Amino acid sequence: LEEIYRARNEPQPDRAAAQFLDDVHEHAGLLVERGPREFGFMHLTFQEYLAAVGLAQQGQTDASPVAAAIAGRVGDANWREVALLATGYLGIVQEREQAATQIVERLLGQATGEAGLAVALAGDALADMSPGGVTPTCRAKVVEALVTTMRDDARVAAPVRAEAGNALGRLGDPRFRADAWHLPDDPWLGFVEIPAGPFLMGSDKTKDGEAFDSELPQHEVTLPTYYIARYPVTVAQFRAFVGDAKFQVGHPDLVRGTPNHPVVAVSWDEALAYCAWLTKTLRAWDKTPEPLGTLLRAGSGDGKPWVIALPSEAEWEKAGRGTTGRIYPWGDDFGANRANSSEADINSTTAVGCFPGGASRWGADEPRWVEELSGNVWEWTRSLGDPDSDKPQFGYPYVSNDGREDLKASAKVRRVLRGGSFFIDRPFVRCAARGRFHPVFRWYYGFRVVVSPFRS
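Residues numbered from 1 in each chain as written. Predicted model: local features only at pLDDT ≥ 70, side-chain atom pairs only at ≥ 80, totals over all residues. Heavy atoms only, no water.

Enquirer: Explanation requested: the sheet that holds strand β13 (residues 415-418) in the structure shown.
Expert: Pairing between sheet strands relies on hydrogen bonds along the backbone, with the strands arranged either parallel or antiparallel. Taken in spatial order, the four strands make up an open sheet running β14-β13-β12-β15, and their pairing is mixed. Whereas interior strands pair on both sides, the edge strands pair on one side only; in this sheet they are β14 (435-437) and β15 (445-447). Neighbour to neighbour, the strand axes of the sheet diverge by 50° on average, direction disregarded. Across three bridges, β13 lies against β14 in antiparallel orientation. Its bridge partner being in β14, Leu 417 is matched across the sheet by Gly 435. Along the sheet face, helix α11 (residues 268-284) touches β12 (378-384), β13 and β15 and points at about 85° away from the line of β12. Helix α13 (residues 313-321) rests against β12 and β13 of the sheet, and its axis sits at about 135° to β12. (Pairing = 2+ DSSP bridges. Helix = DSSP H or I, 4+ residues; strand = E, 2+ residues; numbered from the N terminus. Axes fitted to C-alpha atoms, helices over the stretch in contact; angles between N-to-C directions. Contact = heavy atoms within 4.5 Å.)

Below you can see the structure in the form of structure tokens.
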């Protein structure tokens, strides 16, 4: 304080400083005494905001000093909010678009510190200012950098990829089409063909020591061709359904959350309702890609239209483990960087696509990937599990026509979920692991869909 009063040419800076502290002690509510003659703000937010304003004032003619200060403290938790507030103060309060752009682009070019952190911070700064604050060119650069960062599992740690994915969700994720109910922006709307043929279902404990008894015995199952969604259904996709169908949700979390995260708190019946709506919607849409459009409208030659449905246990498992019986979608060895399980230490859902190394690959000439099968959220299937009290009714070997695919079965019989979630550890994110819960349960349950010849 004495230095501040000296800079103001106060004739007695020591007495002025002492008087100020006495006044604070007696009259102020903004500052509180934390020790003898030591004061601090009653709430950290005041300190962060005033520090941000002070920092922004240094960039009134040139934002370079502000950009350098912020870039030099990336990764310092004490400076995170200050950096966001200072950038927003310049871009929104002072309407100095070029100054805020200079800071954000400096972060994009940051080469030091933990990989991806500066890009994630730039994304959060832009999201806090959105839709303004920086130039359109800068915004496009940030979005592109966020997509690159969240997919860069070779250099960027999983929690940082998750942070980048969150910022991307707030800004608007370009991987999804707003004009197509937020389905993936690719020629197949995110559906991946799983060719007809056999695969190994279930587990062999001599090859997988973490296998549960409910996965035994391992056996061969043959399935016809079907198409499965690359990602689980997202919050944005479910919102599109709710809005278009005027659907009354049973839990508010269904329409909350970051748009590019998997939707959670979905009951089994609500997942079925989404499937029925998307079937009707894509049948009517003249831009539904082929062969999906023809399959949904006319079938595969028998005149029986295919449907969009929840996958059966078998369809889900084959999509994950391929035809050779992989333990995980990527192979037989667990990797904490490949799935949003408890080992990733993120402790929440993540934007879909943050774990590209955990994808299941299909197709040799033009490979396509199914992602997020391990971890993130449990996924409903259409298959029945077991009643609570009776002996197992739908165990293995898997037989599709034994009643286990009955969509009208009693709600007292549990349905099967697959894939584990962010709070579940490695044994439960294996491709063969089976969860069974009542269809009215909501918890961290989501789902993905298939285009299938299934008949209810």
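Enquirer: Please clarify how the sheet that holds strand β9 (residues 307-309) should be interpreted in this entry.
Expert: Pairing is antiparallel across the open sheet formed by four strands, whose spatial order is β5-β8-β16-β9. Bordering the open sheet on either side are β5 (191-194) and β9, each of which pairs with just one other strand. On average, each strand axis in the sheet is inclined to that of its neighbour by 30°, with strand direction left out of account. Where strand β8 (residues 226-229) lies against strand β16 (residues 450-452), two bridges are found, and the strand directions are antiparallel. Bridge pairing in β16 places Tyr 227 opposite Val 451. Helix-sheet contacts for α13 involve β5, β8 and β16, and the interaxial angle to β8 is about 75°.

Enquirer: Where do I start with empty space enclosed by the protein in this structure?
Expert: Leftover empty space is mapped by rolling, across the atoms, a probe with the size of a water molecule. This structure, assessed with the given rule, holds three cavities of 30 Å³ or more. Together, 14 residues line the largest cavity, and Leu 183, Pro 184, Ala 229, Tyr 231 and Gln 237 are the ones closest to its centre. Of all the secondary-structure elements, those providing two or more residues to the lining of the largest cavity are β4 (183-184) and α11. Split by residue class, the lining of the largest cavity holds 11 nonpolar, two polar and one charged. In terms of residue class, the lining of the second largest cavity is built from four nonpolar, three polar and two charged. (1 Å grid on protein atoms, 1.4 Å probe; cavity = no way out; pocket = protein on both sides within 12 Å on 5 of 7 lines; lining within 4 Å. Points joined across faces, edges and corners; volume = space filled by probe spheres on them. Nonpolar A, V, L, I, M, F, W, Y, C, P; charged D, E, K, R; others polar.)

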